[in-house]
Amino acid sequence: MAIWIGLLFDRITCQPEICLMVPPELKSCYENALRHPITSKAAIVDCLQRLLWFFLPDRNQTRPDVTSFVTNNAQRYPIPLTGFRVRKEYRRLTDYERVRLHNALNSLYKKGVIRKYGQLYADASGSTHGGPAFLSWHRVFLARFEDELRKEEGTIALPYWDCSLDFAMDNPVNSVLWADDHFGNANGDVVVGPFANWMTTRGKLTRNYGNRGVLIDYRKMKNIINSCNTKDITFPLEIDARSELDGILEYHSNGVNNWVGGDMTDASFAAYDPVFYMHLAFIDFIWERFRENQANTCQINPENAYASPPGYRSQQAEVPMYGFSELRNIDGLMSYWTKTWYAYEPRPRCPDCGSKYLFCNMTSQMCISHSRRTDFNAGKRVDPLGAIGAASNSFEPRSVFIPKRSIYPFTPSPESDGRLHSTALDDAKETIARLQTKPETTTSRWLSLAQWVKNLEPLPVGVVDNSIFPRRIRS
């Protein structure tokens, strides 16, 4: 049975309402959209947009796009066109470097390069996920994208987003990263920040953070790095048991995609969001640390440690890489990439985290992201005029949440730890209350927050206490 939905025209000018006969699926889309805080007109527009999306002409890459990826791989191991570079954590960029990075990304967006890589990623997702090719293919994908960035700004590198710095907060939703001078908002359509009003092939770039999935915990990362065998950190599982999932790097990568939400939850659109590339760089960073441990501790040659899964044709070691057909899947394991193309700066460490956007928690001896909250900030107090660019802005910019059609969700992934978008304020308030009432180590006198942060003494070496940043499990 078909339904009728009217396209609303300007009634003041007496133009008639136009009705279209549409498939019945539109009714459920419209009813679902109205469960969110959006107007009826916005719901109609989005559902019709999705209907039209089904009937768009072929969305595959153009022939020039395909050729551009292959021709630059004329050699078995291509030479970087823009030279060697060093990647560092995003918050360790200087303000000048960050602006140049944002400018370069916007230039790639305007030239259609973001669209080209976004479509390559969408087309490749079925061949590059769920197996060992996930790590090797993404390494080449990032290196090539980074070369595009450096064509715009010759001395920058693609930074990595160390989300464990945000996981250690009271609630990652409060992170300074989502301020308008960093990643921009993540509570619906991206309307502020350096990537405001970017478009994908289905509408505005959108995020929906802190509602599902979870960021990567430092302890999870260390467990993966300290493993020896590639098959222990990659899909598929030898035994279908959830206990093994905790050691799979792709599993935790999916958790970050789902935590950011919106387009990043869908492989068909994830690579339209610049945050996605910085997230993938962190996954590559973890893999590189794993490879170093593999060589130094486990006495395994990382270049030969490809875990070929039986029955996965596209994931076999000798199969050509999707889009980069001059290379094989195993070629991503060569140390050539980190010797010729790029290297990583170490993660921020205490006592000097090397960024005004990070502070050192003297109890856990870990660097943690500053909060952008000005009402309850569990980090060091910030300049009330906005030392981190947050005080002059509302915590959550006005945005529009319109549910988007998901083609290939990143699953499976870890579930939320209970610190949600909806609990971010309460989580910050509880942490502040705990800090303000924590007694001084050497006396029974109660301290203010400022005194406690100033006088806090580190625990003995080897002892880690994360009690002031608890994970709260909610029903």
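Residues numbered from 1 in each chain as written. Predicted model: local features only at pLDDT ≥ 70, side-chain atom pairs only at ≥ 80, totals over all residues. Heavy atoms only, no water.

1. Regarding the packing of helix 6 (residues 133–152) against helix 11 (residues 274–296)
Phase 1 of the analysis: In contact at an axis separation of 10 Å, helix 6 and helix 11 are set at 125° when each is read in the N-to-C sense. Taken as axis vectors, helix 6 and helix 11 run oblique relative to one another. The handedness of the crossing between helix 6 and helix 11 comes out as left-handed. Together, F134, L135, S136, H138, R139, F141, L142 and F145 of helix 6 and Y277, L280, A281, I283, D284, W287, E288 and R291 of helix 11 make up the contact between the two elements. (Axes fitted to C-alpha atoms, helices over the stretch in contact; angles between N-to-C directions. Helix = DSSP H or I, 4+ residues; strand = E, 2+ residues; numbered from the N terminus. Parallel < 35°, antiparallel > 145°, perpendicular 65-115°, else oblique. Left-handed = near helix turned anticlockwise from the far one by under 90°. Contact = heavy atoms within 4.5 Å.)

2. Considering the side chain of S369
Phase 1 of the analysis: Along the chain, S369 falls in strand 10 (residues 366–369).
Phase 2 of the analysis: In this structure the side chain of S369 is engaged in a polar contact, spanning 3.2 Å, whose partner is the side chain of S175.
Phase 3 of the analysis: Contacts of S369, omitting those with residues within four sequence positions, involve R91, L165, D166, M169, S175, V176, Y357, L358 and F359. (Polar contact = N/O pair within 3.5 Å; in protein donor to acceptor, adjacent residues only side chain to side chain.)

3. Some details on the packing of helix 4 (residues 95–111) against helix 6
In a pair of packed helices, the angle between the axes and the distance between the axes together describe the arrangement.
Phase 1 of the analysis: At their nearest, the axes of helix 4 and helix 6 sit 9 Å apart, and the two run at 105° to each other. Here helix 6 runs roughly perpendicular to helix 4, going by the angle between their axes. Touching L101, A104, L105, S107, L108 and K111 of helix 4 are F145, E148, L149 and E152, all from helix 6.
Phase 2 of the analysis: When grouped by side-chain class, the residues that make up the contact of helix 4 with helix 6 number six nonpolar, one polar and three charged. (Nonpolar A, V, L, I, M, F, W, Y, C, P; charged D, E, K, R; others polar.)

4. A look at the environment of A179
Phase 1 of the analysis: Residue position: A179 is located in the loop between helix 7 (164–167) and strand 4 (187–189).
Phase 2 of the analysis: With relative accessibility at 6%, the residue A179 sits in the buried group.
Phase 3 of the analysis: Linking A179 and R372, residues 193 residues apart in sequence, is a C-alpha distance of 6.8 Å.
Phase 4 of the analysis: When near neighbours in sequence (up to four residues on either side) are disregarded, A179 contacts G184 and R372. (Buried < 20%, exposed > 50% of the residue type's maximum accessible area, 1.4 Å probe, protein only.)

5. Details of unusual backbone geometry
Phase 1 of the analysis: In this model, F235 is joined to P236 through a cis peptide bond whose omega is -5°.
Phase 2 of the analysis: Among the structural elements, P236 can be located in the loop between helix 8 (218–225) and helix 9 (242–245).
Phase 3 of the analysis: Residues C350 and P351 are joined by a peptide bond in cis, for which omega reads 5°.
Phase 4 of the analysis: Topologically, P351 is positioned in the loop between strand 8 (342–344) and strand 9 (358–361).
Phase 5 of the analysis: At Q299, a residue that is not glycine, the phi angle is positive and equals roughly 55°.
Phase 6 of the analysis: Given a relative accessible area of 63%, Q299 falls into the exposed group.

6. Things to note about the confidence of the model for the chain
Phase 1 of the analysis: Across the chain, the average pLDDT comes to 82, with 75% of residues at 70 or higher.
Phase 2 of the analysis: Counting contacts from residues 1–14, a segment whose pLDDT is below 50, to residues more than four positions away or on other chains yields 32 contacts.
Phase 3 of the analysis: The low-confidence segment residues 381–392, where pLDDT is below 50, has 20 contacts with residues more than four positions distant or belonging to other chains. (pLDDT = per-residue confidence, 0-100.)

7. Considerations on the pairing of strand 9
Phase 1 of the analysis: Of the two faces of strand 9, both are covered, the one formed by L358 and C360 as well as the one formed by F359 and N361.
Phase 2 of the analysis: Where strand 9 lies against strand 10, four bridges are found, and the strand directions are antiparallel. Across the sheet, residue F359 finds its bridge partner in strand 10, namely I368.
Phase 3 of the analysis: Linking two consecutive strands that pair antiparallel, namely strand 9 and strand 10, is a turn of four residues; a positive phi of about 60° is found at Q365 within it. (Pairing = 2+ DSSP bridges.)

8. Looking at the pattern of salt bridges
Phase 1 of the analysis: Applying the stated criterion across every chain, the model contains 30 salt bridges.
Phase 2 of the analysis: Here E146 and R85 are joined by a salt bridge, their closest N and O atoms 2.9 Å apart. Of this pair, E146 sits in helix 6 while R85 sits in strand 3 (residues 85–87), placing them 61 residues apart in sequence. Residue E146 shares its accessibility class with R85, and that shared class is buried.
Phase 3 of the analysis: For the salt bridge of R328 with E318, the shortest nitrogen-to-oxygen distance reads 2.5 Å. Here R328 is found in the loop between helix 11 and helix 12 (336–341), whereas its partner E318 is found in the loop between helix 11 and helix 12, with 10 residues between them in sequence.
Phase 4 of the analysis: Judged by its relative accessible area of 48%, E318 falls in the partly exposed class.
Phase 5 of the analysis: Each of the salt bridges in this network shares a partner with another, and the network as a whole consists of R85, R87, R139, E146, D147, D284, E288 and R291. (Salt bridge = Lys/Arg side-chain N within 4 Å of Asp/Glu carboxyl O.)

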